[in-house]
Every structure is written in structure tokens, then in C-alpha cells.
Amino acid sequence: MDPVTPVPSSLTTDLAAVVGADHVLTDAADVAPYATDWRGAYAGTPLAVVRPGSTDEVSAVVRLAHEAGVAIVPQGGNTGMCGGATPSGDGSQVVLSLGRMRKIRDVDPVSSTMTVDAGVVLAEVQQAAASVDRLFPLSLAAEGSCTVGGNIATNAGGTAVLRYGMMRSLVLGLEVVLPDGRVWDGLRSLRKDNTGYDLTQLFIGAEGTLGIVTGAVLTLHPATPARATSWVALPSVAAAASLLPLLRDHAAERLTTWELVSRPALDLVVSQGVPDPLACDAPWFGLIELAGPAGATVGDDLESALGAAVEAGLVLDAAIAGSPAQRDGLWALRERISEAQESLGPTIKHDVSVPITSLDDLVSRLAPALEQALPGIRPIVYGHVGDGNLHYNLSRPESLEPDAFWARAAELSAIVHDCTVELDGSISAEHGLGSSKAAAASAYKSEVEVSLMRSVKDALDPRGLMNPGKVLPLG
Ligand code: FAD
Ligand code: 2HG
Ligand code: ZN
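Residues numbered from 1 in each chain as written. Chains lettered and ligands numbered in written order. Predicted model: local features only at pLDDT ≥ 70, side-chain atom pairs only at ≥ 80, totals over all residues. Heavy atoms only, no water.

By the naming in an unreviewed UniProt entry, the protein is FAD-binding oxidoreductase, taken from Nocardioides piscis. UniProt's Cofactor (unreviewed entry) comment on the protein is quoted here verbatim: "FAD". Under Sequence similarities (unreviewed entry), UniProt gives the following word-for-word description of the protein: "Belongs to the FAD-binding oxidoreductase/transferase type 4 family." (UniProt positions renumbered as here; feature names shortened; annotations may be inferred.)

See below:
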């Protein structure tokens, strides 16, 4: 990797010649929203923020930065969890925002595909699909502000992975600006293409370290206007795991969502005004949704599944949404947790996955280990139980100052991550590594795996200018 060369003073002028002076931001107040993540957990100081409006402009910007030896940090909606879109603090990196690239280029209901700019917001993709009676199934609480490019770069998950897979299952082709400014046009909509290495999949989940995604061909699914949604009270995490095959036996592929919420997580959202439909004194709760085409008997399927679950002792009590408003109320119990936890002070976030049969073991081991390490610590646990993915998030004991809690982050995360890895799990199920988990992930992976990852990085980005320090630690 080349050492960082002094930045030519003409760089910002040259960038302005490409994108227009209005779209090269250097004033502290203008760059502030791009310099920090949404939680304020990660902060940097960019050399400049550049906002290109087209793939050609992205290519020209990257070429100029490459010639100047300046690193680039791609940024979409800035809703990421791991500091992946935040620049370093030394003023040496350019943030490249895709926020102006918001065109839906094509929607094709016959081939069930949509071609979009990378800066299109996820909710707009969902709406465009719905307008032709199709479904784009990626769904997460940040969908009103995260972008398709960010979803691709993080291989986002969310609440419908159980049925539709993660973002990588929903992408057919990509357009990518490479670290030297060349454009790879891989915007193919083919369902079958066995012509060598799968470059599309290589860029998905790379968190902007291999290139900048500027466009994508997405795959659409049939619309699912028939929905049945239930909020259930559960005796244990083991019951939640056992419920998965039972739900599948009753609903088959119509089972779309199976989410878990711990009592403290529920209490938190209820304390912020979301009504609790059950008022049941259970330790765990869950959200189940079945979905299908118009006329599908999802309500009957849900009722028969819940009946069998109660009989088997897996469910203690259940509420079924009787209207769209009630459904929204049940979803709020799950989707509002992430934001609600911010009210407790800094959150030490964990996004772990283990085999579903080990979820109970994970939770049983972590609670006492963390309480012993920091008495009074408040785990706010919830997640995508159908995917074996828990957000084992930690809030400070009420008596501990936020800074003192944050100072313990590495030690507390090691407890969560060590236990996860002992159970053959992953320390990042869906959020990626960014800067916050890059070193930890390399430490847990084998030397062979890390050296393969470094070979890929070096082959595509030999000068190390594309989002350095993310995914793979520096040095
Ligand atoms: P950013 O935050 O801007 O960037 C994320 C990463 O992608 C960075 O490394 C950045 O450099 C890179 N990047 C962005 N755009 C590009 C591009 N065009 N080309 C190359 N690299 C790029 N995530 C889940 O997986 N599941 C969830 O359920 C979920 N729920 C969330 C709920 C809330 C309330 C919030 C705030 C976030 C949630 N997230 C979730 C995390 C986040 O929304 C996702 O990671 C999302 O995919 C990030 O998209 P973004 O456009 O905001 O990307
Ligand atoms: C979710 O599932 C998101 O709600 C966010 O992935 C998790 O905030 C978090 O830790
Ligand atoms: Zn999640």
C-alpha cells in the first residue's frame, strides 16, 4: 500500500469541476451530517464530502482521488451500525455520498426485475415494486432512509430473511465504479449465468472496500396482500427455537417473519408509549407473520399453528391483529426497540448468530457472565430468531456514567463474541464489520481465511484507497 501522499491543493477544485461547486462540501457545518453516524457513536473529519449525480461523475471523482492518493469512504443513508460509512479523524479522506443518485431506471413486472441507482431509498424501491403489483421483500426499520447501495454493501438482513434471504439473494446484477475509476457494467438481469467467478456476489457485503456500487438490478417477488400477524408470549428461548419447525409445518413458505423480543426490550418500547397487547408476565415474546397472495388462507394457517403451539407448551398467550392498524401496533413493538434503546444512553451493540438450536445456550451463558463482569448491566435482547440472529445489546447500569460504560465496551464485547464463537456462531450476522468489528472478526477467523480476504482486497484495490480500515483492519 502506498503511503498517504500530501493532498494536492487543486483536488477540491478538480472535484468541483466534475460535480459542481455546490456538491463539494468542505465547511464544518456542511460536512457535519456526513462525518458522524446516526447514533453519534462514530465520528470523523472528512477532507471533503462529494455528491456526484451520475455514474460517470462517480467514476471521474474516484479517478481524481486515485491519482491524488486520497482514500474514499462511500456513504448512502448513513444508517449503518458499525462505523462503516464514517471517515477517519485525520481529515485525509473524501466521503462520497450517493444521495443524489436516486433514479429508478426501469421496472419490469414481466421479468420481475427493477434497475435502480444506488442512492434510491429502500422504501422507494418497495413502493415502486408495489405500483406494478410486485414485492421487494427486504424490510428493516431504517427503510425510510437507508439506500439500496448501502443495503448491497452491508448485505442487509431484516425481518423477512426467513422467507426471502438476505440482500444478496435479491440482487441479479451490479454496476460498480472500481477503485481506479473504471466502471464495471454488470447490470445483467439473468437468472442463470455460469460464466466464471461471481463478481456480483463479491461486491455484495464488501462494505465499500472493493468499489462503489452505482446501480443494481434487483429481483422482485409476487405481492403478498394477504397477511396474518400475531404477538405471542413465550416461556423460553428454547420454546422460540422449537416453534420454528412447527410454524413451518403449518405455513410452509408463507412464514415470512419470526422475531424474538425479551421482556426488558418489550418494557422499554411500552414505556415509550407503544401499547402492550397481552400484558402477560412472560420472559420472552415474539412476532409472527404469514403472508400470501390475495385469498390465501394465512389467517386460518396462523390460528391452527398457534393452537398447536399452545398445546405443545411453546406459546403461553397470543394476540392476532384484527386490522391493519392493529398489525402496525404489533410491528411497532419490535421495530421501535433499536431507537428506544438510545434513550438509555450509549448502547454496546452485538449482532450475533448461532445455530438456532444453540440460541438458548447462548442466552443462558451470557446473562450471568455479563452480570458478573458488570453488576446491574442491562441486556436488551431481541432479534431475528428464525435466522438464529440476536441483537444482544447492552445498556449501562443506571448508576454508571455513560463514558465509564463505553470504556468497558471491548471487555464486554469479548464476553459476547467469545461465547458466540464457542457455539460456532458469527460476530456479525447482518450489520457487517465496518471499523468497529474489523479487528475482532480477523482475530476470530483462521489465518487462511484472513489471507484470502486480504488477497481479494489487494487484487481489486492495490493502493488501499477504498474505505480503508473497514472489514479488514489497517496494518
Ligand atoms: P450507510 O450506513 O451509508 O453505509 C453502510 C456501509 O455501506 C458503509 O461501509 C458504506 O461505506 C457502504 N456503502 C454505502 N453505500 C455504498 C455504495 N453505494 N457502494 C459501496 N459501498 C457503500 N440492518 C440490517 O441488516 N437489518 C436490520 O434489521 C436493520 N435494522 C435497522 C434499524 C434501524 C432503526 C437502523 C438505524 C439501522 C438498521 N440496520 C439494519 C442497519 C442499516 O440500516 C443497514 O446496514 C443498511 O443496509 C445501511 O444502508 P445505508 O444506505 O444507510 O448505508
Ligand atoms: C433490528 O433488527 C436492527 O432491529 C437493529 O438490526 C438492531 O439496533 C440494533 O442493534
Ligand atoms: Zn436486525
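We are not done yet, so read on.
J.: Please explain the overall build of the protein as it appears in this structure.
T.: Helix and strand counts for the protein come out as 17 helices and 18 strands. Taken against the 2.2 N^0.38 rule, which gives 23 Å for 475 residues, the C-alpha radius of gyration of the protein at 23 Å falls within 12% of a compact globule. The dimensions of the protein, computed from C-alpha atoms along their principal axes, are 70 × 55 × 45 Å. For the protein, buried positions account for 53% of its 475 residues. Of all intrachain contacts in the protein linking residues separated by at least 6 positions in sequence, the fraction that spans at least 24 positions is 74%. Counting 32 positive and 55 negative side-chain charges, the protein places the averaged centre of each group 3 Å from the other. (Helix = DSSP H or I, 4+ residues; strand = E, 2+ residues; numbered from the N terminus. Rg over C-alpha atoms; globule rule 2.2 N^0.38 Å. Buried < 20%, exposed > 50% of the residue type's maximum accessible area, 1.4 Å probe, protein only. Contact = heavy atoms within 4.5 Å. Lys, Arg positive; Asp, Glu negative; His and termini not counted. Charge placed at Lys NZ, Arg CZ, Asp CG, Glu CD.)

J.: Just checking my understanding: could you explain the pairing of strand β14 (residues 284-292) for this structure?
T.: For a regular strand, the rule is simple: side chains alternate between the two faces of the sheet. Burial analysis of β14 places nine of its nine residues in the buried class, which makes it a mostly covered element. Residues W284, G286, I288, L290 and G292 line one face of β14 and the alternating positions F285, L287, E289 and A291 line the opposite face, and both faces are buried. Pairing geometry for strand β12 (residues 226-234) and β14, over nine bridges, is antiparallel. Residue pairing for β14: T229 is matched across the bridge by E289. As paired elements, strand β13 (residues 255-262) and β14 share seven bridges and run antiparallel to each other. (Pairing = 2+ DSSP bridges.)

J.: Is there a simple way to explain the site of ligand 2 in this structure?
T.: Taken together, M81, R334, S338, K349, Y382, H384, H391, N393, E430 and H431 make up the full set of residues adjacent to ligand 2. Between ligand 2 and H384 there is a distance of 3.0 Å, counted from an oxygen atom to a side-chain nitrogen or oxygen. A distance of 2.8 Å separates an oxygen atom of ligand 2 from a polar atom in the side chain of N393. Within the complex, 88% of the 290 Å² of free accessible area of ligand 2 lies under protein. For the shell around ligand 2, the secondary structure elements donating two or more residues are β17 (378-384) and β18 (389-395). Residues of the shell around ligand 2, tallied by class, amount to two nonpolar, five polar and three charged. (Near = heavy atom within 4 Å. Polar contact = N/O pair within 3.5 Å; in protein donor to acceptor, adjacent residues only side chain to side chain. Areas by Shrake-Rupley, 256 points an atom, 1.4 Å probe, with all protein chains shown as cover. Nonpolar A, V, L, I, M, F, W, Y, C, P; charged D, E, K, R; others polar.)

J.: Please explain the packing of helix α13 (residues 359-373) against helix α15 (residues 409-422) as it appears in this structure.
T.: Packed helices, taken two at a time, are described by the angle between their axes plus the distance between the axes. Their axes nearest at 10 Å, the elements α13 and α15 cross at an angle of 155 degrees. As the angle between them shows, α13 and α15 are arranged roughly antiparallel. Our pair here, α13 against α15, has a crossing hand that is right-handed. Between α13 and α15, the residues in contact are L362, R365, L366, A369, L370 and A373 and E411, L412, I415, V416, C419, T420 and E422, respectively. (Axes fitted to C-alpha atoms, helices over the stretch in contact; angles between N-to-C directions. Parallel < 35°, antiparallel > 145°, perpendicular 65-115°, else oblique. Left-handed = near helix turned anticlockwise from the far one by under 90°.)

J.: Mind showing me how you'd approach the sheet that holds strand β6 (residues 113-117) here?
T.: Each strand in a sheet pairs with another by means of backbone hydrogen bonds, the pair being arranged parallel or else antiparallel. Taken in spatial order, the five strands make up an open sheet running β5-β6-β10-β8-β9, and their pairing is antiparallel. Single-partner strands in this sheet number two, and they are β5 (104-108) and β9 (183-186). Strand after strand, the sheet turns through a mean of 10 degrees between neighbouring axes, direction not considered. Taken strand by strand, helix α4 (residues 122-131) contacts β5, β6 and β10 (212-219), and its axis lies near 145 degrees from that of β6.

J.: How do you make sense of the site of ligand 1 when you look at a structure like this?
T.: Around ligand 1, the surrounding shell holds 35 residues, and the nearest of these are P74, G76, G77, T79 and T147. In the model, a nitrogen atom of ligand 1 is placed 3.1 Å from a nitrogen or oxygen of the E430 side chain. Protein contact buries 96% of the 970 Å² of open area that ligand 1 shows by itself. Secondary structure elements with two or more residues in the shell around ligand 1: β3 (71-75), α5 (148-154) and β10. Considering every element that reaches the shell around ligand 1, the biggest residue donor is α5, with five residues. Among the residues forming the shell around ligand 1, the class breakdown is 14 nonpolar, 19 polar and two charged.

J.: Hey, could you run me through the packing of helix α1 (residues 11-19) against helix α3 (residues 55-68) in this one?
T.: In the contact formed by α1 and α3, the axes pass within 9 Å of each other and the chain directions differ by 165 degrees. By the criterion of interaxial angle, the relationship of α1 to α3 is roughly antiparallel. Handedness of the α1/α3 crossing: right-handed. Of the residues in α3, those in contact with L11, D14, L15, V18 and V19 of α1 are E57, A60, V61, L64, A65 and A68. Taken together, the residues of the contact of α1 with α3 sort by class into nine nonpolar, no polar and two charged.

J.: I tried to follow the confidence of the model for the protein on my own but got confused; where do I start?
T.: Any residue range with low pLDDT should be treated as having predicted coordinates unsuitable for detailed reading. Scored by pLDDT, the protein comes out at a mean of 97, with 98% of its residues at no less than 70. Counting contacts from residues 1-5, a segment whose pLDDT is below 50, to residues more than four positions away or on other chains yields seven contacts. Both scores are available for the predicted complex, with the pTM at 0.97 and the ipTM at 0.99. (pLDDT = per-residue confidence, 0-100.)

J.: Looking at this structure, I do not really get the coordination of the zinc ion (ligand 3). What am I missing?
T.: Under perfect tetrahedral coordination by four donors, a metal shows angles of 109.5 degrees; under perfect octahedral coordination by six donors, it shows angles of 90 or 180 degrees. Bound to the zinc ion (ligand 3) are the protein donor atoms H384 (NE2), H391 (NE2) and E430 (OE), situated 1.9 to 2.1 Å from the metal. Read in sequence order, the donor residues for the zinc ion (ligand 3) give the motif H-x6-H-x38-E. Placement of H384 in strand β17 and of E430 in the loop between α15 and α16 (438-444) is noted, with a sequence separation of 46 residues between them. A single burial state applies to H384 and to E430, both of which are buried. (Donors = N, O, S within 2.8 Å, 3.2 Å for Na, K, Ca; no water.)

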